[in-house]
Amino acid sequence: MDDFAIYLDGVTKRFGPVTAVERMDLGIARGEFFSLLGPSGCGKTTTLRMIAGFEEPSEGAIFLDGTDVAKLPPFRRNVNTVFQSYALFPHLNVEKNVAFGLKRKKLARHEIKRRVTDALRLVELEERRQYKPSQLSGGMQQRVALARALVNLPSVLLLDEPLGALDLKLRRQMQLELKHIHKDVGITFIYVTHDQEEALTMSDRIAVMNAGRVEQVGVPEDLYEHPATRFVAGFIGTSNFIEGSLERDGDHGLMNLGEGQRVLVPAAAGGSAGGPVELAVRPEKIRLYEVGQEVPEGLCLLRGKVRDVVYLGMTTQYTIEVPVLSRQFTVLEQNVEAASDQTLWVPGEETQLAWHPSHNRVLPAEGSAGAQEEDAA
Amino acid sequence: MTSLESPAAPPQSSAIAIEKPGLLSRLVGRLRGHPFAAANLLLLPTMAWLVLFLMLPLLVILVYSFGSRGTYGDVVLGFSFANYVKAFSPLWLPTILRSFGFAALATILCLAMGYPLAYFIALHGGRKKSVYLILVMLPFWTSYLIRTYSWIVILRSQGVVNTVLQSLHIIDDPLNILNTPYSVILGLTYGFLPFMTLPLYASLERLDKSLIEASWDLGANRFWTLLKVTIPLSLPGIIAGTLLTFIPAVGDFVTPDLLGGPDTQMIGNVIQSQFLSARDWSYGSALSFSLMAILLVSIYLYVRRMGSEDLV
Ligand SMILES: Nc1ncnc2c1ncn2[C@@H]1O[C@H](COP(=O)(O)OP(=O)(O)OP(=O)(O)O)[C@@H](O)[C@H]1O
Ligand SMILES: [Mg+2]
């Protein structure tokens with residue numbers, strides 16, 4: 001517990017009948033860029049507000065640098081927040097906004113001045129120090145909010161969708177800047193977002209949340225390549241889901257998709273033999289072969305018919321009807337050749353879908369008892 | 001406190017700005033140049049109302065104030081400054097000072113009670129907010145006169161306060177509260193408290209609650225947050241509330257009349273007696289206008305100071 005900057009131990013938060021956060025266990029290492037990712041209303045802000053001290057957990061304990069902070073008011077916690085709405089003081093200019101926290105720490109005047117100048121230099125707003133927040137653009141206000149929090153050198157910085165109000169281009173730019181700043185200052189960042197792309201590009205680790213629970217914690221590649229639950233497989237990127245049951249065949253896992261279709265699955269696949277499970281396959285892992293064309297040995301193979309073609313520039317997205325399973329597959333193909341060379345499939349064409357069994361992800365079926373036990377392990 | 005404004009500093013925007021061009025000239029300017037001049041027609045009824053019922057009586061008083069008293073208490077129009085010379089004579093100085101003093105004390109007491117009250121309703125009122133607000137306004141449902149009378153019942157020697165204190169043996173002889181400066185200040189405070197509370201409530205209600213959280217987040221405890229964030233941001237409400245309390249309190253004559261004694265006369269009593277018992281309307285008008293002038297100057301100085309002062 002002492003090795004973590006923040007440790008949540010079975011934290012639950014209820015608002016009357018609503019459970020916003022449910023039995024959350026989470027350890028965040030020092031200096032980590034950690035993201036809370038999840039759809040709207042899943043409890044991200046509530047989690048952050050409990051760490052900051054604005055809400056008291058209904059159950060569980062929060063450890064900050066190894067000490068239980070449950071009883072500490074926000075102004076006694078060594079954490080600072082960048083609010084989604086920035087919450088800059090409208091009656092103070094940029095400089096005084098940034099100096100606000102330092103003044104309460106009773107630092108010497110010149111020390112305050114020096115640190116404020118450093119912080120403003122970090123966010124490139126030195127020459128705006130006399131401006132009132134209302135005289136700044138949204139991006140500048142965001143940077144002031146960041147400087148105001150960072151200047152206190154908290155042990156943890158909490159950021160609640162700090163880029164939510166910015167346009168896409170500015171967002172991208174600020175994502176990079178935030179990454180740089182994080183590297184420079186070495187402070188633990190907890191970053192809340194509902195944008196999976198943002199979380200994947202910025203984070204060291206991500207906790208994917210759904211309906212108040214943590215579904216999975218992991219590094220970005222891990223969450224994408226090895227989702228633990230159906231929710232994660234569907235929320236981060238997209239997946240083709242096929243229900244079936246799990247069988248064992250010696251060292252191999254074997255999944256019965258029904259209609260006599262069986263596919264090999266990694267041996268360590270979750271779920272017990274005979275139980276209902278779901279198979280998830282990423283669209284870009286599937287390759288399309290012409291009917292009759294020889295398919296390499298050992299691939300999972302299905303026959304299908306092209307339904308829909310969407311040209312996306314870098315890739316082409318196909319919707320393919322697979323009659324044996326009576327469901328549709330989404331397949332993404334790289335446009336290696338120019339589209340004008342007629343390499344695209346056209347709707348109505350018969351095709352074969354093939355993918356390597358190592359790309360098969362077996363997930364506990366949605367709603368089954370196993371689903372919840374998975375992430376606790 | 002001094003501010004470190006550099007010459008390159010951007011224009012300051014303050015909560016209450018004193019407009020440079022007069023209100024009227026701006027209005028006229030708008031009426032002329034506005035592409036949707038028709039929309040301004042909607043202002044006409046309001047303007048007419050103001051001119052008729054606000055400006056006209058003032059004009060009458062202004063005209064009267066330069067006249068003199070006729071033999072039968074009628075007004076003889078004329079143009080003499082005699083009434084104003086009399087109005088500013090040292091004779092009334094103690095009364096004016098007393099009026100300002102009483103009103104200022106009542107305003108401070110109203111602020112001291114109204115601010116916590118408004119703060120509680122605005123930030124912790126929850127679903128009962130409107131109930132609390134109605135309770136604040138409840139006294140308005142009976143007349144000011146009757147409410148002030150009831151204070152006599154409460155404060156007199158055989159009144160509620162003294163009876164209770166005596167029966168509890170806290171005091172032996174009845175306290176002499178009625179007909180003293182205390183009872184007048186108390187009456188003024190009681191009477192104008194809602195005028196203070198409501199504008200305070202309005203500005204605290206508008207206050208972005210996340211600013212208070214931001215202040216806590218940055219290490220400011222409740223006291224510093226109140227001092228550095230909540231109070232500065234509710235300054236427009238404080239200014240409005242103090243003005244709405246102070247101005248009518250200075251000119252009030254009902255409270256000192258009913259709750260006061262011979263040595264608590266306020267300027268409102270003097271003006272009232274000129275109009276009613278002395279029947280010198282011209283002199284009364286001049287006194288009114290003088291009071292208005294003094295008030296206007298003090299308000300101007302007050303607002304300018306509060307509005308531009310860097311409280312942080
Ligand atoms: N003060 C509150 N009173 C009652 N319910 C609340 C309160 N705050 C949050 N909730 C509820 O808790 C749940 C989680 O809310 P939260 O704000 O944490 O979601 P979020 O993940 O931050 O969503 P978003 O991405 O939309 O900001 C929601 O169902 C919300 O209605
Ligand atoms: Mg949120």
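Residues numbered from 1 in each chain as written. Chains lettered and ligands numbered in written order. Predicted model: local features only at pLDDT ≥ 70, side-chain atom pairs only at ≥ 80, totals over all residues. Heavy atoms only, no water.

1. Section: the confidence of the model for chain B
Alright, step 1. Averaged over chain B, the pLDDT score is 86; the fraction of residues at 70 or greater is 86%.
Alright, step 2. Long-range and interchain partners of residues 1–19 of chain B, a stretch whose pLDDT sits below 50, account for 23 contacts in this model, where long-range means more than four residues apart. (pLDDT = per-residue confidence, 0-100. Contact = heavy atoms within 4.5 Å.)

2. A few points about the packing of helix α7 (residues 144–155) of chain B against helix α9 (residues 181–206) of chain B
All names here are of chain B.
Alright, step 1. Put simply, α7 and α9 touch, their axes get as near as 11 Å, and they point 140 degrees apart. It follows from the interaxial angle that α7 and α9 lie oblique. In the packing of α7 onto α9, the handedness of the crossing is right-handed. Between α7, through Tyr-144, Arg-147, Trp-151 and Leu-155, and α9, the contact on the second element is made entirely by Ser-183, Leu-186, Gly-187, Leu-188, Tyr-190, Gly-191 and Phe-192.
Alright, step 2. Residues belonging to the contact of α7 with α9 are distributed by class as follows: seven nonpolar, three polar and one charged. (Axes fitted to C-alpha atoms, helices over the stretch in contact; angles between N-to-C directions. Helix = DSSP H or I, 4+ residues; strand = E, 2+ residues; numbered from the N terminus. Parallel < 35°, antiparallel > 145°, perpendicular 65-115°, else oblique. Left-handed = near helix turned anticlockwise from the far one by under 90°. Nonpolar A, V, L, I, M, F, W, Y, C, P; charged D, E, K, R; others polar.)

3. Thoughts on the domain arrangement of chain B
Alright, step 1. In terms of domains, chain B is made up of domain 1 (32–62) and domain 2 (92–311).
Alright, step 2. Each of domain 1 of chain B and domain 2 of chain B has a C-alpha centre, and these two points are 31 Å apart. (Domains from an automatic or database assignment.)

4. Notes on the side chain of Thr-148 of chain B
Residues and elements named next belong to chain B.
Alright, step 1. Note that Thr-148 resides in helix α7.
Alright, step 2. Given a relative accessible area of 3%, Thr-148 falls into the buried group.
Alright, step 3. Filtering out sequence-adjacent residues up to four positions away, Thr-148 remains in contact with Val-254, Thr-255, Leu-258 and Leu-259. (Buried < 20%, exposed > 50% of the residue type's maximum accessible area, 1.4 Å probe, protein only.)

5. Observations regarding the nonpolar core
Residues and elements named next belong to chain A.
Alright, step 1. Within the largest apolar cluster, 43 residues are counted, with the highest numbers of intra-cluster contacts made by Met-24, Leu-36 and Ile-190.
Alright, step 2. Considering each element in turn, this core owes the most residues, five residues, to strand β2 (residues 18–29).
Alright, step 3. Excluding residues within four positions of it along the chain, Met-24 makes contact with Leu-8, Asp-9, Gly-10, Val-11, Leu-36, Thr-47, Met-209 and Val-214.
Alright, step 4. Core analysis: the next-biggest nonpolar cluster, separate from the first, contains 34 residues, Ile-112, Val-123, Leu-150 and Val-151 among them. (Core = buried A, V, L, I, M, F, W, Y, C linked by side-chain atoms within 4.5 Å.)

6. Regarding the site of ligand 1
Residues and elements named next belong to chain A.
Alright, step 1. The environment of ligand 1 is formed by Phe-15, Val-18, Ala-20, Ser-40, Gly-41, Cys-42, Gly-43, Lys-44, Thr-45, Thr-46 and Glu-161.
Alright, step 2. Within the backbone of Cys-42, one N or O atom sits 3.2 Å away from an oxygen atom of ligand 1.
Alright, step 3. Lys-44 is positioned such that a nitrogen or oxygen atom in its side chain is 2.8 Å from an oxygen atom of ligand 1.
Alright, step 4. In isolation ligand 1 has 640 Å² of accessible area, and contact with the protein removes 60% of it.
Alright, step 5. Contributions of two or more residues to the shell around ligand 1 are made by β2 and α1 (44–52).
Alright, step 6. A total of three residues in the shell around ligand 1 trace back to one element, the largest contributor, which is α1.
Alright, step 7. The class makeup of the residues in the shell around ligand 1 is four nonpolar, five polar and two charged. (Near = heavy atom within 4 Å. Polar contact = N/O pair within 3.5 Å; in protein donor to acceptor, adjacent residues only side chain to side chain. Areas by Shrake-Rupley, 256 points an atom, 1.4 Å probe, with all protein chains shown as cover.)

7. Structural notes on the interface of chain B and chain A
Alright, step 1. Contacts between the two partners involve 27 residues from chain B, matched on the other side by 27 residues from chain A.
Alright, step 2. Surface buried jointly by chain B and chain A totals about 2,400 Å² across both partners, of which 58% is contributed by carbon and sulfur atoms.
Alright, step 3. At the boundary of chain B and chain A, one finds one salt bridge.
Alright, step 4. The salt bridge involving Glu-213 of chain B is made with Arg-49 of chain A; its shortest N-O contact spans 2.8 Å.
Alright, step 5. Counting across the interface, chain B meets chain A through four residue pairs in polar contact (both at pLDDT 80 or more). (Buried area = accessible area lost by both parts, 1.4 Å probe. Salt bridge = Lys/Arg side-chain N within 4 Å of Asp/Glu carboxyl O.)

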